[in-house]
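Structural overview
The primary structure of each chain is shown beneath.
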Amino acid sequence: MAEGGDFQFDEDEVEDDAPLEKRKKIFLKELRCMMYGFGDDRNPYTESVELLEDLVIEYITEMTKKAMDVGRPGRISVEDIIFLIRKDPKKYSRVKELLMMNEELRKARKAFDEIKYATTK
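Residues numbered from 1 in each chain as written. Predicted model: local features only at pLDDT ≥ 70, side-chain atom pairs only at ≥ 80, totals over all residues. Heavy atoms only, no water.

- With an unreviewed UniProt entry as reference, the protein chain is termed Transcription initiation factor TFIID subunit 13, source organism Magallana gigas.
- For the protein chain, the Subcellular location (unreviewed entry) comment in UniProt is given as "Nucleus".
- UniProt's Sequence similarities (unreviewed entry) comment on the protein chain is quoted here verbatim: "Belongs to the TAF13 family." (UniProt positions renumbered as here; feature names shortened; annotations may be inferred.)

This is how it looks when you write it as structure tokens:
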């Protein structure tokens, strides 16, 4: 991740819109846990998890493509994502909440590192 929340993409890194069936299954474990947390069975059907993963990957892909069109060419910034979800109050408030938490964690880490550095001298 570059400075300021920008992401740089090289053309070589982008998959050539491979069919969903051929993509790596990278969210299966997390989605199983989320499904269980939202009331599904502890071990949901594999087909259900795979379908949900396909939907998640499709959503992420579409949002990424839209963000590439909104901002600077070849870059995605946090502001681009915020711009795309600005009309969805739930998503917008969740993103704002997560960004605030991220900033608080960053400050806490910095303070912890300063204390750790000061005690080692």
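Moving on from the coordinates now.
1. Quick notes on the packing of aromatic side chains
- A complete count under the given rule lists 0 aromatic pairs for this structure.
- Cation over ring: R86 sits above F83, and NZ or CZ is 3.9 Å from the ring centre. (Phe/Tyr/Trp six-rings, centres within 6.5 Å; stacked < 30°, edge-to-face > 60°. Lys NZ or Arg CZ within 6 Å of the ring centre and 35° of its normal.)

2. Structural notes on the pattern of salt bridges
- All chains considered together, the criterion is met by 3 salt bridges.
- Here D54 ties to K25 by a salt bridge, and the two come within 3.2 Å at their closest N and O atoms. You can see D54 sitting in helix α2 (residues 46-70) and its partner K25 sitting in the loop between β1 (7-8) and α1 (28-37), a full 29 residues away along the chain.
- Among the residues examined, K25 registers a relative accessible area of 33% and is labelled partly exposed.
- Between R94 and E97 there is a salt bridge, and its shortest N-O distance comes to 3.4 Å. (Salt bridge = Lys/Arg side-chain N within 4 Å of Asp/Glu carboxyl O. Helix = DSSP H or I, 4+ residues; strand = E, 2+ residues; numbered from the N terminus. Buried < 20%, exposed > 50% of the residue type's maximum accessible area, 1.4 Å probe, protein only.)

3. Re α2
- Its 25 residues give α2 an end-to-end C-alpha distance of 36 Å, which sits within 8% of 36 Å, the value for a rise of 1.5 Å per residue.
- Taken together, the buried positions of α2 are V49, E53, D54, I57, M63 and A67.
- Packed against the buried residues of α2 are α1, β2 (75-76) and α3 (78-85). (Expected span 1.5 Å × (residues − 1). Contact = heavy atoms within 4.5 Å.)

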